[in-house]
Each structure stands twice: as C-alpha cells, then as structure tokens.
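Listed below are the residues making up each chain.
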Amino acid sequence: MAKIVVTYGVPAQGFMDHLPGHQVCIPQPLTGYTKEELLAILPDADAVVACTAFDADMIAAAKQLKLIVCYGAGYDAIDVAAATKAGIMVANTPDAVTAPTAELAIALLTGIARRIPQLDGMLRTQPSPQVFGMGKHMGSSLAGQTLGIVGMGRIGGMVADFGRFMGMKVLYNARTPKLHRDALGDQQVSLPELMAQSDFISLHCPATPETKNLISKEMIALMKPTACLINTARGAVMDESALLEALTEGRIAGAALDVYPDEPHVNPAYLELSNVILTPHCGSNTQQARYEMARQASVRIQTVLAGQLPENLLNPEAMEK
C-alpha cells in the first residue's frame, strides 16, 4: 500500500475511485495542509498531488517520494529543479484542463465583446425601460474581427478554433511554428504585430522567467483603443500596473481576467472599472474537469508505482539521479 498526499481539499472521489487499496491523505474540502502539516506527513509519502505550492523544503522532507503530480497544467508553483536534484519525477495533467479552460476563455471573450456583465448589472439596478432600446449599450460582433492568440498550445488552439468558427481572423504568437495551425489559415506573427493588429487578445502562455511581464507596458501601448485583452493563463505574464493604467485612461476598451499576480488577492483598482470582467481563477473549476484531473493524476501515480514512466513527465533527467 502506497501513501499518497493531496495537498488541498479538492473533490476526492476521483482519487478514491482510481487509487483503491492505497492510503490517500487529503485535507477537508476547501482547506489546505499548512506547510508544517505537510512537513510532518511527507517523510513516508510515495507520491504527492500538488494542488498548491510545493517548495524545496517539502521536497527535502519527502525522503521516499517518487512522484509529484501537478493538479492541472501549470507547474510554476512546484520547485522542479529541487525535485530533479532529488531524483523525484514531476508530471502534470494538461489534457484534463484544456477544454474547460478554453470554455472560460471563450465565455470571457464573448462576455466582454457583448458587455454581458454590464447589461446584467443595469437590468438589476436601473428601471428596465431605461436599459431597453435599440442603439443603447452596443457591444461588438466577433465576425470579421481579429483574434490574437499568445501561446498556441492546446488551450490556445481550441480558442482559435472557436474564433474561426465565429468568422474571426486568427493571428498567433508562439515560440515555434505551428504548421497544423498555419494549414487551417491561422497566421504566425511577432508579438508586437499581434498586439497592434488584434481586436481581441487571448493569453495562453505558461508562466516562466521568459514570459514574466511578457505583456508589458510597451506591448499594451500597441493595442487598438477598441481592443480587449483576455487572460486565463497566469497573472505573471502581464504587467498589471500597465494594464490598469490603460483601462483607467480608456486607451483600450476592456479586459477579462481569470488570473492575477498575487492570488488570491485581486487589485482593488479593478473593482472600480466597468470595462473589466473578473473571475477567481476558475478555468478548470467544473465538476467534470475536477474528477478528470484526479483520475489522470491517479493514473500517473499508478504508473510510477508499477515501475514505469508517467505521461507528461516534465523532468526526465530526474531518472539519471
């Protein structure tokens, strides 16, 4: 029987269904283990499902750990270098979060284009005859507009497919050419070109040292005054102060954000802006996605316990230790 530690009280049924006969340590729903609690229970753990930050101290305490599974796609909160040095494999579960995160990006895109939260708020707070009326509170159609995708991976590709279905021209910026996207009619361009030409810009790049503040003050200054920015990637890829300045001064039309640099804290300046949609980092937060994330994490754990390499292994060099 192996000991598996899940660092946060996510829905547990997927683990229970797919890790029979093993000891699964998981805190109460919607709570997380403290660092001190983790340091106490990690020494004899065989695998960890990292739903929260997992640092070098925790890795050092886990004397018999074989695998850390990131609960999702982004693994920037895991000290992969420390795990590699200790000979511990790290894997993630990107397929489980692709569709639900793309769904949210699409919802934010359409929501900001058609001003859905603003219109909802008006109908709730103003006499309805003042709100109804042709020509009032007009939004923007998507057909004929240009959609810029920053980071053309699984999620970015799905959002691009939606954009093309709606009649949008798709530009993308990525580290490498995506020939399959080019064959569909999408066009790879430089980041400055994408920022200047797009009507809607959707961010899907990972948080790395290279992408920190990738959407900088200079990049935001290139945006059209009618353009909107959507971020379901990571807060760190965007210069928040520059975005807030552009929104406050009306130099861009709007933004729709699911991620923030200092989560779970949200800059209160956003709350004063009517041209911003805010959601609480909920891209993969559906019942079906949470179950699938647990299932895929369990599969990776079972694979490693059987002496094999897991899917989506992020640090194969750990096996050389």
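This text follows the structure it describes.
Residues numbered from 1 in each chain as written. Predicted model: local features only at pLDDT ≥ 70, side-chain atom pairs only at ≥ 80, totals over all residues. Heavy atoms only, no water.

(A) A look at the overall build of the protein. In terms of regular secondary structure, the protein is built from 13 helices and twelve strands. The C-alpha atoms of the protein give a radius of gyration of 22 Å, which matches the 20 Å a tight globule of 321 residues would have. Along the three orthogonal principal directions, the C-alpha set of the protein runs to about 65 × 45 × 30 Å. Buried positions account for 47% of the 321 residues belonging to the protein. Only carbon and sulfur atoms are counted for the fraction: they give 56% of the accessible area of the protein, which is about 15,400 Å². Charged side chains in the protein number 24 positive and 31 negative. The centres of these two groups are separated by 4 Å. (Helix = DSSP H or I, 4+ residues; strand = E, 2+ residues; numbered from the N terminus. Rg over C-alpha atoms; globule rule 2.2 N^0.38 Å. Buried < 20%, exposed > 50% of the residue type's maximum accessible area, 1.4 Å probe, protein only. Areas by Shrake-Rupley, 256 points an atom, 1.4 Å probe, with all protein chains shown as cover. Lys, Arg positive; Asp, Glu negative; His and termini not counted. Charge placed at Lys NZ, Arg CZ, Asp CG, Glu CD.)

(B) Just the packing of aromatic side chains, in detail. With the rule as written, the count across this model stands at two aromatic pairs. Considering the side-chain rings of phenylalanine 15 and tyrosine 71, the 6.5 Å spacing of their centres and the 35° angle between planes classify their relative orientation as tilted. Within this pair, whereas phenylalanine 15 is found in helix 1 (residues 13-18), its partner tyrosine 71 is found in the loop between strand 4 (67-70) and helix 4 (80-85), the two being separated by 56 residues in sequence. As far as burial versus exposure is concerned, phenylalanine 15 and tyrosine 71 are alike and both buried. (Phe/Tyr/Trp six-rings, centres within 6.5 Å; stacked < 30°, edge-to-face > 60°.)

(C) Region of interest: the sheet that holds strand 12 (residues 276-278). Taken together, the seven strands give an open sheet; going across it, the order is 8-7-6-9-10-11-12, and neighbouring strands pair in parallel fashion. For this open sheet the edge positions go to strand 8 (187-188) and strand 12, each flanked by a neighbour on one side alone. Across four bridges, strand 9 (residues 200-203) lies against strand 10 (residues 228-231) in parallel orientation. Residue pairing in the sheet places isoleucine 201 in a bridge with leucine 229 of strand 10. (Pairing = 2+ DSSP bridges.)

(D) Seen up close, the nonpolar core. By size, the foremost hydrophobic cluster in this structure holds 30 residues, and its most contacted members are Leu203 and Leu243. Going through the elements one at a time, helix 10 (191-197), strand 9, helix 11 (217-221), helix 12 (240-248) and strand 11 (254-257) are the ones with two or more residues in this core. The leading source of residues in this core is helix 12, at five residues. Every residue in contact with leucine 243, bar those within four places of it in the chain, is listed here: Ile220, Met238, Ile252, Ala255, Leu257 and Tyr270. (Core = buried A, V, L, I, M, F, W, Y, C linked by side-chain atoms within 4.5 Å. Contact = heavy atoms within 4.5 Å.)

(E) Region of interest: unusual backbone geometry. The peptide bond linking glutamate 263 to proline 264 adopts the cis configuration, its omega dihedral lying at 10°. Although it is not a glycine, arginine 115 sits at a positive phi angle of roughly 60°. When you line up the elements, arginine 115 lands in the loop between helix 5 (94-113) and helix 6 (116-125). Backbone geometry at asparagine 213 places phi at a positive 55°, although glycine is not the residue there. Here asparagine 213 shows up in the loop between strand 9 and helix 11.

(F) Representation of the sheet that holds strand 5 (residues 89-91) in the model. Here five strands make up an open sheet; going across it, the order is 2-1-3-4-5 and the pairing parallel. Every interior strand has two partners, whereas the edge strands, strand 2 (23-25) and strand 5, have only one. Taken over all neighbouring pairs, the strand axes of this sheet differ in orientation by 20° on average, direction set aside. Strand direction decides the pairing type here: strand 1 (residues 3-6) and strand 2, joined by three bridges, are parallel. Opposite isoleucine 4, over in strand 2, you have valine 24 as the bridge partner. (Axes fitted to C-alpha atoms, helices over the stretch in contact; angles between N-to-C directions.)

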